[in-house]
Amino acid sequence: MATDVLGLLIAVIVVAASVHDNAVGIALLDRVAADNPSVTKGWVDAGFKNAVIDHGAALCIDIEVVQRDPGSKGFTPAPKRWIAEQTFGTLMLHRRLARDCETLPASSASMILWSMTDVMTRRLTGATTPTWRGPPSAGTRAPDAPPHA
């Protein structure tokens, strides 16, 4: 998954877990470069090697590997990497993505696109969905509350 600095989706590719990170990274860079020619910088985690960096350079995208600070202990968000992790967390709020029940990778990719459409729409409109945990809305009252005067 490729996101912008706000955590909004730029491109997504879904593959089997057995596919190496470099192969996925190269395919994702191709998609990003084809659909978004203005992208000139990318941050990746340490799972990506020189092949992705070299391929990015061929596409005029500067790829930088974000390393964890060696002196840090416990959980510390990696610089720039937390944006993608936040997007993964936001996607998990859509229940269908919490379990992998799709048969085809294209179906999973479509569900991610639908979920990000929902996220972007909510950000644009400021809409929220009431949950069972939230306080009652203004139009409802608790059964034991006295009626309004």
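Before reading on, note that the structure itself is shown above.
Below is a summary of the structure that appears in this document. In this text, all values refer to a predicted model and were calculated from it rather than measured experimentally.

Procedures and definitions
- Residues numbered from 1 in each chain as written.
- Predicted model: local features only at pLDDT ≥ 70, side-chain atom pairs only at ≥ 80, totals over all residues.
- Heavy atoms only, no water.
- 1 Å grid on protein atoms, 1.4 Å probe; cavity = no way out; pocket = protein on both sides within 12 Å on 5 of 7 lines; lining within 4 Å.
- Points joined across faces, edges and corners; volume = space filled by probe spheres on them.
- Helix = DSSP H or I, 4+ residues; strand = E, 2+ residues; numbered from the N terminus.
- Nonpolar A, V, L, I, M, F, W, Y, C, P; charged D, E, K, R; others polar.
- Polar contact = N/O pair within 3.5 Å; in protein donor to acceptor, adjacent residues only side chain to side chain.
- Expected span 1.5 Å × (residues − 1).
- Contact = heavy atoms within 4.5 Å.

1. Here's the deal with the layout of surface pockets
(1) Moving on: If you add up the space inside the largest pocket, you get close to 1400 Å³.
(2) Moving on: If you go around the largest pocket, you meet 48 residues; those closest to its centre are Met1, Ala2, Leu28, Arg81 and Phe88.
(3) Moving on: Among the elements of the structure, β1 (2–3), α1 (21–35), β3 (41–44), α3 (81–92), α4 (95–98) and α5 (105–125) are those that each provide at least two residues to the lining of the largest pocket.
(4) Moving on: Taken together, the residues that form the lining of the largest pocket break down as 32 nonpolar, six polar and 10 charged.

2. Concerning the side chain of Ser115
(1) Moving on: Positionally, Ser115 belongs in helix α5.
(2) Moving on: In terms of polar contacts, Ser115 uses its side chain to reach the backbone carbonyl oxygen of Met111, at 2.9 Å.

3. Quick look at α1
(1) Moving on: Helix length check: α1, at 15 residues, gives a terminal C-alpha distance of 21 Å against a target of 21 Å (1.5 Å per residue), a fit within 8%.
(2) Moving on: Next to the buried residues of α1 lie β1, β2 (9–11), α2 (50–58) and β4 (62–65).

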